[in-house]
Amino acid sequence: MNLPEFRPLASFLAPGAPTESPRALDGGDAEAPPWHELLAQVGRELAEPLTVALERVTTLAATGRIDRNGLRALRDEVERARQAGIWCQQISRLASGRVRQSHERVHLTHTAQSVLAHRARELHTRGIHIVQSLQPVEVQLDASMLHGLLNALVEWWLVGARGVVDVRIDTRAWPANGRLVCKFQHRPADLSDGLPADAPNPALDSMAWHLLEQTAHSLGLVCERQVDNTQAQLTLEFPRTVNALMESEASQAPDSGFGDSVNSKPLAGSHVLVVAARRDVRVLVRESIKSMGMVVDFVNSVAEAVAFCREGLPHAIVVESNLRNQKFEHLVTSLRHEVPEFVFIELLDEGSTFEISSISQTGMARVGKDAVATSLPSALVYELSRIM
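Throughout this description, residue numbers start from 1 for each chain and increase along the sequence as written. Where local features are concerned, this predicted model is filtered to residues with pLDDT of at least 70; where side-chain atom pairs are given and counted, the filter is 80 or more; whole-chain, interface and lining totals use all residues. Only hydrogens and water are set aside when side-chain values are computed; all heavy atoms of the structure are taken into account.

S.K.: When you look at the packing of helix H7 (residues 143–160) against helix H8 (residues 207–218) in this model, what are you seeing that I'm missing?
M.R.: Pairs of packed helices are described in terms of their axes, by the angle between the two and the distance that separates them. Axis lines are fitted to C-alpha atoms, over the contacting stretch for helices. Their N-to-C directions set the angle, which ranges from 0 to 180 degrees. Counting from the N terminus, the helices are DSSP H or I runs at least four residues long and the strands are E runs at least two residues long. Put simply, H7 and H8 touch, their axes get as near as 8 Å, and they point 150 degrees apart. Put simply, H7 runs roughly antiparallel to H8. For H7 against H8, the interelement crossing comes out left-handed. In this structure, H7 uses Met145, Leu149, Ala152, Leu153, Glu155 and Trp156 to contact H8, whose residues at the interface are Ala208, Trp209, Leu211, Leu212, Thr215, Ala216 and Ser218. Residues are sorted three ways: Asp, Glu, Lys and Arg are charged, Ala, Val, Leu, Ile, Met, Phe, Trp, Tyr, Cys and Pro are nonpolar, and all the rest, Gly among them, are polar. When its residues are assigned to classes, the contact of H7 with H8 shows 10 nonpolar, two polar and one charged. Any angle from 65 to 115 degrees is called roughly perpendicular, while one under 35 is roughly parallel, one over 145 is roughly antiparallel, and all others are oblique. Handedness of each helix crossing follows the sense of rotation of the near helix against the far helix: counterclockwise by less than a right angle gives left-handed, clockwise gives right-handed. Residues count as neighbours in contact if any of their non-hydrogen atoms are within 4.5 Å of one another.

S.K.: When you look at the pattern of salt bridges in this model, what are you seeing that I'm missing?
M.R.: Any two side chains of opposite charge can pair, on the condition that their charged atoms come close. Any Lys or Arg side-chain nitrogen found within 4 Å of a carboxyl oxygen on Asp or Glu counts as a salt bridge. Summed over all chains, the structure comprises 20 salt bridges. The salt bridge partner of Asp280 is Lys369, with a shortest N-O separation of 2.9 Å. Of the two residues, Asp280 is situated in helix H10 (residues 279–289) and Lys369 in the loop between strand E13 (365–368) and helix H13 (372–387); the sequence distance between them amounts to 89 residues. What emerges from the salt-bridge pattern is a single network uniting Arg324, Glu329, Glu346, Glu355 and Arg366.

S.K.: Just to check I follow, could you spell out H7 for this structure?
M.R.: Side chains that are three or four residues apart share a direction in an α-helix, a result of its 3.6 residues per turn. By this rule the span expected of a helix is its residue count minus one, scaled by 1.5 Å. Counted at 1.5 Å a residue, the expected span for H7 with its 18 residues is 26 Å, and the 26 Å between its end C-alpha atoms agrees. Only protein chains enter the area calculation, which uses a 1.4 Å probe; residues under 20% of their type maximum are buried, those over 50% are exposed, and those in between are partly exposed. With respect to burial, H7 is a largely interior element, 16 of its 18 residues being buried.

S.K.: Can you walk me through the environment of Asp280 in this structure?
M.R.: Asp280 sits in the partly exposed class, given a relative accessible area of 41%. In protein, a polar contact requires one atom able to donate a hydrogen and another able to accept it; more generally it is a pair of N or O atoms within 3.5 Å, and residues adjacent in sequence count only if both atoms are side-chain atoms. A polar side-chain atom of Asp280 sits 2.9 Å from a polar atom in the side chain of Lys369.

S.K.: Mind showing me how you'd approach the sheet that holds strand E12 (residues 354–355) here?
M.R.: The pairing of strands in a sheet happens through backbone hydrogen bonds and is either parallel or antiparallel. We call two strands paired when DSSP finds no fewer than two bridges between them. Pairing in this open sheet of six strands is mixed, and the strands run E9-E8-E10-E11-E13-E12 from one edge to the other. Edge positions in the sheet fall to strand E9 (295–299) and E12, since each of these pairs with one other strand and no more. Pairing analysis gives four bridges linking strand E8 (residues 271–275) to strand E10 (residues 316–320), with the strands arranged parallel. Residue Leu273 lies in a different strand from E10, and its bridge partner there is Ile317.

S.K.: What is the right way to read the environment of Ser270 from this model?
M.R.: Locating Ser270 in the fold gives a position in the loop between helix H9 (242–248) and E8. Between the alpha carbons of Ser270 and Asn151 there is a distance of 9.7 Å; along the sequence they are 119 residues apart.

S.K.: Quick question: what am I supposed to make of the nonpolar core here?
M.R.: Across soluble globular proteins, nonpolar side chains have a tendency to be buried as a group. Leu149, Trp156, Trp157, Val165, Leu234 and Phe238 are the most contacted members of the largest nonpolar core, which has 50 residues in total. If you tally residues by element for this core, the top one is H7, at 11 residues. What Phe238 contacts, discounting residues up to four positions off in sequence, is Leu108, Val139, Leu141, Leu146, Leu149, Asn177, Gly178, Leu180 and Leu221. Here the nonpolar core consists of buried residues drawn from Ala, Val, Leu, Ile, Met, Phe, Trp, Tyr and Cys, with membership extended through side-chain atoms lying within 4.5 Å. Judged by nonpolar contacts, the second largest core, of 21 residues, contains Val274, Ala276, Met294 and Val318.

In short, the description is geometric, and any link to function would need to be established separately.
This is the structure in structure tokens:
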């Protein structure tokens with residue numbers, strides 16, 4: 001398999017990065033530099049779904065009719081474009097170097113298992129089966145960024161993988177660094193006949209890949225990708241693995257080498273679904289968490305929340321207390337059967353209550369309406385950080 005040179009986007013997007021000629025970047029032919037290629041891809045991933053969506057809207061305007069399947073397709077196309085835009089923002093933020101990371105001890109294996117459980121429904125819908133071989137590995141890095149990295153990895157699989165994805169977490173013999181290795185088929189064997197060994201597959205270079213690549217670079221990981229005309233393999237190596245650090249830093253103070261800096265947006269990119277029928281509650285929630293960099297969707301009813309979750313699970317659900325009916329309890333039971341520690345936060349109609357899930361009688365975090373502005377962000381940080 002061919003191993004392409006790993007060139008993180010930061011080398012092209014970071015302020016002050018040197019300007020290189022196309023010949024210098026590509027070693028020969030005067031082709032477009034990588035940032036041109038990236039911009040062209042951003043344009044494609046935004047324009048393609050929006051073009052189809054515009055055609056549907058034009059037809060709707062002309063006929064006044066759209067069926068359920070057409071409406072669902074329209075929503076999916078707009079969501080694809082929206083997701084591409086969100087990924088662009090995340091890549092730009094990471095490449096700028098302005099993200100402040102909090103290095104902490106994180107269980108890589110448990111985090112990976114949590115993400116795979118959370119995304120199991122989407123993977124199953126795409127016909128992707130995960131085969132896991134996971135040894136216990138702990139690392140020192142920013143927990144929320146690790147969660148983002150693993151979700152970007154799943155997004156890459158959803159676009160490029162076919163059938164089985166083999167996932168392995170282990171530790172190298174020397175240096176004793178933790179590794180996450182995944183291998184999958186990206187093109188059916190019967191379609192690869194006659195193709196050169198290095199025949200490109202555009203699905204492997206999606207925006208999800210660029211986000212994954214840039215997140216790995218920002219975390220200081222070693223990222224190696226090998227691709228032939230049918231198989232792809234990615235290896236992520238974690239230099240700051242706990243056992244190796246303990247051995248190499250045994251003579252140093254326990255907190256040596258780790259600053260007290262915190263990520264200014266620890267949950268950036270996390271997805272929250274808000275179930276609220278009243279406009280004033282929706283506005284209150286939106287204003288309280290708008291600076292957290294989260295992806296937030298709103299629905300008016302439990303029935304809409306159930307339909308939303310069929311398409312893919314958010315990381316947390318915030319619900320108005322008066323909408324907690326039997327149908328909602330069924331949703332809670334179903335999601336917690338699939339993801340045992342799924343986060344729910346209940347918004348009470350009044351008061352300044354703030355209870356975390358571990359002390360709440362309902363097993364959900366609870367925030368009173370008068371405390372939403374100050375306590376809902378804290379509740380989200382606590383509850384989501386607990387499972388990430």
